[in-house]
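Each chain, written out:
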Amino acid sequence: KQEVTQIPAALSVPEGENLVLNCSFTDSAIYNLQWFRQDPGKGLTSLLLIQSSQREQTSGRLNASLDKSSGRSTLYIAASQPGDSATYLCAVSNTGNQFYFGTGTSLTVIP
Amino acid sequence: DAGITQSPRHKVTETGTPVTLRCHQTENHRYMYWYRQDPGHGLRLIHYSYGVKDTDKGEVSDGYSVSRSKTEDFLLTLESATSSQTSVYFCAISLIAGEVEFFGPGTRLTVL
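As the structure is a prediction and not an experimental result, all values here were calculated from the model. (Residues numbered from 1 in each chain as written. Chains lettered and ligands numbered in written order. Predicted model: local features only at pLDDT ≥ 70, side-chain atom pairs only at ≥ 80, totals over all residues. Heavy atoms only, no water.)

### So, the sheet that holds strand β7 (residues 64-70) of chain B
Residues and elements named next belong to chain B.
Then, in step 1: Sheet architecture is open: 4 strands sit in the order β1-β3-β8-β7, paired in antiparallel fashion. The open sheet is flanked by β1 (4-7) and β7, the only strands paired with a single partner. Between one strand and the next, the sheet's axes are offset by a mean angle of 20°, whatever the strand orientation.
Then, in step 2: Taken together, the 5 bridges between β7 and strand β8 (residues 73-78) define a ladder with antiparallel strand orientation. Across the sheet, K70 pairs through a bridge with D73, a residue of β8. (Pairing = 2+ DSSP bridges. Helix = DSSP H or I, 4+ residues; strand = E, 2+ residues; numbered from the N terminus. Axes fitted to C-alpha atoms, helices over the stretch in contact; angles between N-to-C directions.)

Printed below as a string of structure tokens:
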């Protein structure tokens, strides 16, 4: 069974700082990897999808990378803002419809 | 905002009673999913559907059943609720396999 780990569980940074969130997974035979954001009491919002054949994806200030051989993905957030405060979750799919989620990194950006 | 809603949003019930949660979408997406979210476990897939009347089990399907008689509706039923099923339940939809596009707002279920 795929195991997905996200470290650290919580992170607090001052506004304007660049930061990296980490995701690791145990089975490198993945189909897709997806990063989500979850605000308190809300559902998840998809941020970036990386297909198994890709190494990175970018959207605005966000950049996600994938290294299948080492079982790692990183989410880079540039010039962080208070509005970026949320929990960020990584999810890995092995077969297409079964996604395995990490427990997330809770990010606080201090003004 | 994507057209995906869940009802009810909050429910308190007693052990042994049946419970049905509803997910409704207006996006005409083929794939629909039910997840539960618990502290320390992240989100875990309960069941998913890949078309009308086509469903399959996820990682934590025991004690749950689903039905999809129309493209837009996906029902999750707890036949006899237990306290271990106290959780936040999320519905999600996607147009293609391998990418979860939109999540619903969640249903907080408490089983006493």
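### Describing the side chain of D38 of chain B
All names here are of chain B.
Then, in step 1: Looking at the element boundaries, D38 is found in strand β4 (residues 31-38).
Then, in step 2: The exposure class assigned to D38 is buried, which follows from its relative accessible area of 10%.
Then, in step 3: Reaching out from D38, the side chain makes a polar contact with the side chain of R36 at a distance of 2.8 Å.
Then, in step 4: Side-chain polar atoms of D38 contact the side chain of R44, separated by 3.0 Å.
Then, in step 5: Residues within four places of D38 in sequence aside, it is in contact with R44, T86 and S87. (Buried < 20%, exposed > 50% of the residue type's maximum accessible area, 1.4 Å probe, protein only. Polar contact = N/O pair within 3.5 Å; in protein donor to acceptor, adjacent residues only side chain to side chain. Contact = heavy atoms within 4.5 Å.)

### Comments concerning unusual backbone geometry
For residues besides glycine, phi is generally negative; the peptide bonds are generally trans as well.
Then, in step 1: Following I7 of chain A, the chain continues into P8 of chain A via a peptide bond in cis, with omega recorded as 5°.
Then, in step 2: For P8 of chain A, the location among the structural elements is in the loop between β1 (4-7) and β2 (10-14).
Then, in step 3: P8 of chain B follows S7 of chain B through a cis peptide bond whose omega is -10°.
Then, in step 4: Counting through the fold element by element, P8 of chain B comes out in the loop between β1 and β2 (10-13).
Then, in step 5: Within the chain, K53 of chain B stands out as a residue other than glycine whose phi angle is a positive 70°.

### Observations concerning the state of the cysteines
Residue and element names in this part refer to chain A.
Then, in step 1: One pass over the structure, following the stated rule, counts 2 disulfides over all chains.
Then, in step 2: C23 shares a disulfide with C90; S-S distance 2.0 Å. A torsion of -55° about the S-S bond marks the disulfide between C23 and C90 as left-handed. With C23 in strand β3 (residues 19-25) and C90 in strand β9 (residues 86-93), this residue pair connects regions lying 67 residues apart in the sequence. (Disulfide = S-S within 2.5 Å.)

### Focus: the nonpolar core
Then, in step 1: L33, W35, L75 and I77 of chain A are the most contacted members of the largest nonpolar core, which has 23 residues in total.
Then, in step 2: Elements supplying a minimum of two residues to this core: β3, β4 (32-38), β5 (44-51), β7 (62-67), β8 (72-77), β9 and β11 (105-110) of chain A.
Then, in step 3: The residues touching I77 of chain A, leaving out its near neighbours within four places in the chain, are E17, N18, L19, L21, R61, L62, D84, Y88 and L107 of chain A.
Then, in step 4: The next biggest cluster of nonpolar side chains, apart from the first, holds 19 residues, and it includes M32, V60, Y64 and C91 of chain B. (Core = buried A, V, L, I, M, F, W, Y, C linked by side-chain atoms within 4.5 Å.)

### As for the pattern of salt bridges
Pairing between side chains of opposite charge can happen when the charged atoms of each approach one another.
Residues and elements named next belong to chain B.
Then, in step 1: Counted according to the given criterion, the structure contains 7 salt bridges over all chains.
Then, in step 2: A salt bridge links D73 to R22; the shortest N-O distance between them is 3.1 Å. Of this pair, D73 sits in strand β8 while R22 sits in strand β3 (residues 19-25), placing them 51 residues apart in sequence.
Then, in step 3: When its relative accessible area of 8% is taken as the criterion, D73 is described as buried.
Then, in step 4: With a closest N to O distance of 3.3 Å, K70 and D73 form a salt bridge.
Then, in step 5: Classification of K70 by relative accessible area gives partly exposed; the value is 41%.
Then, in step 6: Each of R22, K70 and D73 takes part in one network of salt bridges that share partners. (Salt bridge = Lys/Arg side-chain N within 4 Å of Asp/Glu carboxyl O.)

Without other data, these values stay purely geometric and don't point to any function.
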